[in-house]
Structures are given as C-alpha cells and as structure tokens.
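Below are the chains, spelled out letter by letter.
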Amino acid sequence: MKIAVVGTGYVGLVTGTCFAETGNQVTCVDIDVNKVTRLQKGDIPIYEPGLEVLFDRNIAEGRLTFTTDLKEGIKGAEVIFLALPTPPGEDGSADLKYILGVANDLGPILENYAVIIDKSTVPVGTAEKVSAAIRLNATVDFDVVSNPEFLREGVAVEDFMKPDRVVVGTTSEKAKKVMEKLYAPLVRQGNPVIFMDERSAEMTKYAANSFLALKITFMNEIANLCEKVGANVDDIRRGIGTDSRIGKRFLFAGIGYGGSCFPKDVQALAKTSDDYGYDFRTLKSVMAVNDDQKKRLLPLITEYFDGDLKGKTIAVWGLAFKPYTDDIREAPALENIKALLAAGANVTVYDPEAMDNVKGLLPDLTYCHTAYAALDDADALMIFTEWPQFRTPDFDKMAKLMKEKVIFDGRNLYELEVMRENQFTYYSIGRESVDSKVTA
Ligand SMILES: NC(=O)c1ccc[n+]([C@@H]2O[C@H](COP(=O)([O-])OP(=O)(O)OC[C@H]3O[C@@H](n4cnc5c(N)ncnc54)[C@H](O)[C@@H]3O)[C@@H](O)[C@H]2O)c1
Ligand SMILES: O=c1ccn([C@@H]2O[C@H](COP(=O)(O)OP(=O)(O)O[C@H]3O[C@H](CO)[C@@H](O)[C@H](O)[C@H]3O)[C@@H](O)[C@H]2O)c(=O)[nH]1
C-alpha cells in the first residue's frame, strides 16, 4: 500500500518505519526542515532500541522516504496517518491546532479517495472535527478514522509489531476495508484488531492511559502507607500482582509517573469530563497524588542534611522519564534537580542517553561520562530512572567515591539487605529506611 505519515515525531517515525518494514511504500512528512534533512541523510533523531536497523534497511531498500512537502507526500496515498502533537492547552485540554491545521491543508490537495487516520491521542469528537475541516475544501471522497497508538517508548517497535490489540474507530464500511488491508499482516500473526465507532476509539485511548496512571498511583499510595505501617510495597506488589484479575504489570511504586503521555492525557480526560459536566473524582485524585509523589524524596534528603542543602553535592543517576529512552518530558528528575539547585546544592548527573536533552535546559549541572564519575565527592546519591546498569553497581567503589554513603532511591533498585550489608543509608519508596549511620 502507499502510505503517508504526517509528523515524524516518536509515533510518526515508528509508524512509518514499521509499515515500511511490512512491505508498504511510506512517505513521511514534517514541517521541520532540519529534521527532514537529517532523516533524508539516514540520521534518526530519537533513541529507540531496534528502530535504527529497520529504519536503515527500509531507507536503503527505497520503501521509506521523507519530505517537507505535504502535497508531494500524500500523492497517491491510500492512507494518511496524522501523527502530530496534541500538547496540553492552557486549560488542560488537548490542543488540536496541529491536527486541524493539517486537516485544513489536506482538503484542497487530496486527489484521490484516502483514509485519513488520527494516530495522535485526540479527545472525543476529533474525527468529526477533522472531517469537517477537510470537507470545507475537498473535491474528492475521503474518510476519517480513529486509530489510537498504544506503543510505549523504549519498546515501541515490539509494541507496534506485536500489539496487544489494534483499535480502529470507523463507521464507514469503505474505510473499514482499507483498515483491514492495512493491518492484515499483523492480524495474520495473531494480533487482534478491534473495530468500534470513532468516539469509542478516541475514548479507549484516554481510558487506557488513565487506567494505567491510576494503577501506578494506587500503588504509590499503598507505598506511602507501607512506610507508615512498616510493610514492604515490593511484597505487596508480588502478593496482589499474582491475582490474574489485577495483573503483574504497572504495579511498580516509584517517584511518580511522567513522560509525554500519562500526565497530559489524564489531564485532558479530566478536562473532557468537566466540559461534559461530569466530575471525574478518581482522575483528579490521580493528578494530585502524582504531583506530590514526584516530590516524595525532597523532604527526606532535606531532613537528612538538617534542613540545609546549601553547598552539598548531590549526585543524580537517571534523567529520562524511564529507561531505554532519551525522552525527558515530564521526567520526575528535572523537577527534583530544580528544587535541589534552588536549595543551593551542586548537582552532578549521569544518564546513559538523556544528558544532551537536558544540557540546554539546565546548564548549571555537572554532566559526567559515567555513573561513577557523578559520585566523586558526592554527599548523597539520588536515583530517578531505573536504567539496568544502575541495578548492580560496585558498592565498594561507590563507597570510596562518595563523601557520605547515603542513597535516595526513587525506583527501589536495591534489596534492603544488600544495603545493610554494604552499610549504606538508604531511603526508597514504600519500604523501611536503612540507617547505616546508627548500625555501622
Ligand atoms: N510518544 C509516545 O510514546 C506516544 C505514544 C502513543 C501516542 N502518542 C500520541 O501521538 C501524538 C504524537 O506524539 P509524538 O510523541 O510522536 O509527537 P512529537 O512531538 O514527538 O512529534 C510531532 C512531529 O510533528 C511535526 N509537526 C508539527 N506540525 C506539523 C505539520 N503541520 N506538518 C507536519 N509535521 C508537523 C513536528 O515537527 C514533530 O516532528 C501525540 O498525540 C501523542 O499523545 C505518543
Ligand atoms: O509500574 C510502573 C510502570 C510505569 N511507571 C511510570 O509510568 C510512566 C509511563 O511509563 P510507560 O507507560 O512505560 O511509558 P510511555 O512510553 O509513556 O507509554 C504510555 O503512554 C503512551 C502514550 O500514550 C502509550 O501509548 C503507552 O501505552 C503507555 O504505556 C513512566 O514515568 C514510568 O516510570 C511507574 O511508575 N510504575
């Protein structure tokens, strides 16, 4: 099939590359000239494991091309994906200016029947708005379909190629046939496609993200209570996750959820609820609890240093909002680092992928080439991202480098017993703290 993908961000690049890999002819369109020039040279601007190999192969074999010209990009395409940003507007609702802007542009340049696919996360009713915007100037027939994306950054290729499900919202039989053809290779491999109407598909995306954010937030509150009652949240996770009705995934307590999706999508669904006169109380609690959770370690580190962080050197491991990505959008690390700087601390950081993305935003940090270099003469270590390489460090080496053997861990990377054996003072989430100052 001939496919156009408008928007070469995270979703656009994964969508374009994966559909090229399944044998389609894909043209990706972006208004960002620098990005398109880079892409045309075969330089991929995001870090996503497994994507580069597919990207290189499909460019080399001529199935994947890039342009800044929308008209050229959509020429002859049977399907046109809109993978455009939907950032939060001032009132928390998803800002549709990119989507509707492209929809307006599409009307006069469509030359043949095409299915226009909302891949972006968009509020209920957007397919109708996109359709109306295109119809204003269109001279040919078209359909607008909602096909939300559920991929996770860091495992995006796998999520795309082996999705738990594909959701397609359309009430047009003609568009349904095109969508069945598009996803036939995935269906043949046993991945289900669930058809529904446009509004239900749009709601499904927000319901999925909000439910996952709720699940994490619930565990974060259980963790907070565990600290008070003397229970261990990791045991609770194992104890409830084995119940198949609850499920093992997305039960890891930590320093709050971040990223480019959960925060904005929970907020947007809450705004939709308000607009329709429904008071969605659980969603509002999720947002409030998560805001607090992100700051969970700050009072602990402040108290540890008797209320004064001025002149202390705090090492930070992890900047990305989660491992296997260089994405720092809504990353808990950033808010914490800003608070440390405001309190007068010096901050040394290490992240295997995300440092270049932070340098412009926070130039006053000391960026280190290795995790250990960040510990040199540090008064404490804070951990915000669970990169695998942080899980099994050389504790003796850490002890020699650090001024004080104290760790504030927002991701529960270490067993309490290991911390006791290594005589580290250790604060984590939802577990008792280890005070090696007293026991050493
Ligand atoms: N990032 C994820 O993991 C993820 C997963 C599922 C769904 N989503 C949703 O997918 C959508 C896109 O997310 P993203 O992370 O890929 O966005 P992004 O911000 O990384 O990329 C968007 C791209 O669109 C381009 N663009 C803007 N206006 C344009 C125009 N008029 N014409 C052509 N290109 C234009 C930008 O230059 C940019 O390259 C959002 O709605 C998001 O909520 C994201
Ligand atoms: O048990 C868990 C699981 C995740 N998180 C946090 O939750 C956030 C989001 O993680 P994850 O869902 O893995 O990352 P995203 O790439 O943001 O993916 C989410 O958002 C995407 C954009 O909408 C959707 O497509 C995905 O299905 C959805 O998982 C991160 O801050 C994680 O640290 C936890 O704190 N505990």
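Just so you know, these numbers come straight off a predicted model, no measurement behind them.

## Comments concerning the site of ligand 1
Close to ligand 1 lie 26 residues; Val11, Asp30, Lys35, Thr86 and Lys264 are nearest. Contact distances for ligand 1 include 2.5 Å between an oxygen atom and a side-chain N or O atom of Lys35. For ligand 1, whose accessible area on its own is 840 Å², the fraction buried by protein is 88%. Of all the secondary-structure elements, those providing two or more residues to the shell around ligand 1 are helix 1 (10-21) and helix 5 (97-109). When grouped by side-chain class, the residues that make up the shell around ligand 1 number eleven nonpolar, seven polar and eight charged. Here the shell around ligand 1 gathers at least three residues from each of two domains, domain 1 (2-195) and domain 2 (205-294).

## Focus: the nonpolar core
Most often, soluble globular proteins keep nonpolar side chains buried together rather than apart. Of all hydrophobic cores here, the largest spans 63 residues; its most connected members are Trp317, Leu340 and Tyr414. For this core, the domains that each give at least three residues are domain 2 (205-294) and domain 3 (298-439).

## Examining the UniProt feature "domain: UDP-glucose/GDP-mannose dehydrogenase C-terminal" (unreviewed entry) in the protein
The feature "domain: UDP-glucose/GDP-mannose dehydrogenase C-terminal" (unreviewed entry), as given by UniProt, occupies residues 315-416 in the numbering adopted here. A distance of 20 Å separates the end C-alpha atoms of residues 315-416, which is 24% helix and 18% strand.

## Quick notes on the packing of aromatic side chains
Each aromatic ring pair is characterised by the separation of its centres together with the angle its planes make. All chains considered together, the criterion is met by 17 aromatic pairs. Here the aromatic rings of Phe395 and Tyr414 are separated by 5.3 Å at their centres, their planes lie at 80°, and the arrangement is edge-to-face. Highlighted residues: Phe395 in helix 16 (residues 395-401) and Tyr414 in the loop between strand 13 (406-409) and helix 17 (416-421), separated in sequence by 19 residues. Of the aromatic side chains, those joined through ring pairs into one cluster are Phe19, Phe81, Phe160 and Tyr183. For Lys174, the ring lying beneath its charged end belongs to Tyr113, and the centroid distance is 3.9 Å. Residue placement shows Lys397 over the ring face of Tyr372; its charged tip is 4.2 Å from the ring centre.

## Side note on the sheet that holds strand 10 (residues 346-350)
Here we have six strands laid out as an open sheet, ordered 11-10-9-12-13-14, and parallel in their pairing. In the strand order of this sheet, the two ends are held by strand 11 (366-367) and strand 14 (425-427), each with one partner. The pairing of strand 10 with strand 11 spans two bridges and is classified as parallel. Residue pairing in the sheet places Val349 in a bridge with Tyr367 of strand 11. Across the sheet, helix 14 (residues 332-342) is in contact with strand 9 (313-317), strand 10 and strand 12 (380-383); its angle to strand 10 comes to roughly 155°.

Each value, and the rule that gives it
- Residues numbered from 1 in each chain as written.
- Chains lettered and ligands numbered in written order.
- Predicted model: local features only at pLDDT ≥ 70, side-chain atom pairs only at ≥ 80, totals over all residues.
- Heavy atoms only, no water.
- Near = heavy atom within 4 Å.
- Polar contact = N/O pair within 3.5 Å; in protein donor to acceptor, adjacent residues only side chain to side chain.
- Areas by Shrake-Rupley, 256 points an atom, 1.4 Å probe, with all protein chains shown as cover.
- Helix = DSSP H or I, 4+ residues; strand = E, 2+ residues; numbered from the N terminus.
- Nonpolar A, V, L, I, M, F, W, Y, C, P; charged D, E, K, R; others polar.
- Domains from an automatic or database assignment.
- Core = buried A, V, L, I, M, F, W, Y, C linked by side-chain atoms within 4.5 Å.
- Buried < 20%, exposed > 50% of the residue type's maximum accessible area, 1.4 Å probe, protein only.
- UniProt positions renumbered as here; feature names shortened; annotations may be inferred.
- Phe/Tyr/Trp six-rings, centres within 6.5 Å; stacked < 30°, edge-to-face > 60°.
- Lys NZ or Arg CZ within 6 Å of the ring centre and 35° of its normal.
- Pairing = 2+ DSSP bridges.
- Contact = heavy atoms within 4.5 Å.
- Axes fitted to C-alpha atoms, helices over the stretch in contact; angles between N-to-C directions.

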